[in-house]
Amino acid sequence: MKSDTTSEIIRLASNFSVVLPLLFYLTKIKYASRRIHIIGMLVLISGISDLIGYIFFREREPTAILFNAYYALSFFLLSWFYYEVLFIKSRRVVVLIGLAVYLQSFVLVTIYVQGFFEYQTLMWLITGIIMIVYSIAYFTYSLSILPSITSLNYTPVWINTGVLIYFVLNLFLFILSNYVLTRLDPQMSLLIWSFHNVNNILKNVLFAIGISFYKKKIADF
């Protein structure tokens, strides 16, 4: 009973954590750059998905399509974000390769492994790997152009850190997610999804910090 209560508290905290970056985004929406708007859209979609997911859970409705659609939208929005902050100046081919790998994987997985109406856990794993590659590429890039002092209040650094931590920590969960969703007992599933929810809280906090540092005068972001 205690573990159930703790898991429920963590789940609610995860759902409401999206309010933090959303509030900071709304305070800067009038002068936000396109890159900030991309993250704002991602945060808004995340909040809507959490709300719909909670309703579906209460009504015992399947959530496979919702999860698949969320991770697909997250992939395209984050790819757009990294194109804007990193690949637009050079190495555009990296984004094209990432898109090609994703789209080809989506077609093959949907046809031969996991249809869109079931949990496409393999696509979540592929999304995570591509995002880790992008975030590490940006991290390396930021080390070469930003002084360590300046980087601490530079918006994309915080957002990139949130993306990197979220997908790295969830990589093992994505690998096991098919078992989590179909084979493990309810208590173990709650424990593992609580780990995901903690990662989601951390990601939203880092997004909120990043957006809070955004200033209109920073021309390149």
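Keep in mind that what you see is a predicted model, and the values were worked out from it rather than measured.

## Describing the packing of helix H2 (residues 19-27) against helix H3 (residues 34-58)
Interaxial distance between H2 and H3 falls to 10 Å at its minimum, and their mutual angle equals 140°. Taken as axis vectors, H2 and H3 run oblique relative to one another. When you trace H2 past H3, the crossing you get is left-handed. Taking contact as the criterion, the partners of Pro 21, Leu 22 and Tyr 25 in H2 are, on H3, Ile 36, His 37, Gly 40, Val 43 and Leu 44.

## Quick word on the nonpolar core
Tyr 82, Met 131, Tyr 138 and Phe 167 are the most contacted members of the largest nonpolar core, which totals 45 residues. Secondary structure elements with two or more residues in this core: H3, helix H4 (64-87), helix H5 (92-113), helix H6 (121-145), helix H8 (155-182) and helix H9 (186-212). The dominant element in this core, judged by the number of residues it contributes, is H4, at 11 residues.

## Re the confidence of the model for the chain
The share of residues in the chain with pLDDT of 70 or more is 86%, and the mean pLDDT across the chain is 86. For the chain, per-element mean pLDDT is lowest for helix H7 (residues 148-151), which scores 57, and highest for H2, which scores 95.

## Quick notes on the packing of aromatic side chains
Applying the stated criterion across every chain, the model contains 16 aromatic pairs. On the numbers, 5.9 Å between centres and 50° between planes, the contact of Tyr 138 with Tyr 141 is tilted. Linking Tyr 138 with Tyr 141, this pair stays in helix H6, spanning three residues, or about one helical turn. No difference in accessibility class separates Tyr 138 from Tyr 141, as the two residues are buried. Counting every residue linked through ring pairs, the aromatic cluster contains Phe 67, Tyr 70, Tyr 71, Tyr 119 and Trp 124. The ring of Tyr 166 is capped by Lys 203, whose NZ or CZ atom sits 4.7 Å from the centre of that ring.

Reading the values: rules and limits
Residues numbered from 1 in each chain as written. Predicted model: local features only at pLDDT ≥ 70, side-chain atom pairs only at ≥ 80, totals over all residues. Heavy atoms only, no water. Axes fitted to C-alpha atoms, helices over the stretch in contact; angles between N-to-C directions. Helix = DSSP H or I, 4+ residues; strand = E, 2+ residues; numbered from the N terminus. Parallel < 35°, antiparallel > 145°, perpendicular 65-115°, else oblique. Left-handed = near helix turned anticlockwise from the far one by under 90°. Contact = heavy atoms within 4.5 Å. Core = buried A, V, L, I, M, F, W, Y, C linked by side-chain atoms within 4.5 Å. Buried < 20%, exposed > 50% of the residue type's maximum accessible area, 1.4 Å probe, protein only. pLDDT = per-residue confidence, 0-100. Phe/Tyr/Trp six-rings, centres within 6.5 Å; stacked < 30°, edge-to-face > 60°. Lys NZ or Arg CZ within 6 Å of the ring centre and 35° of its normal.

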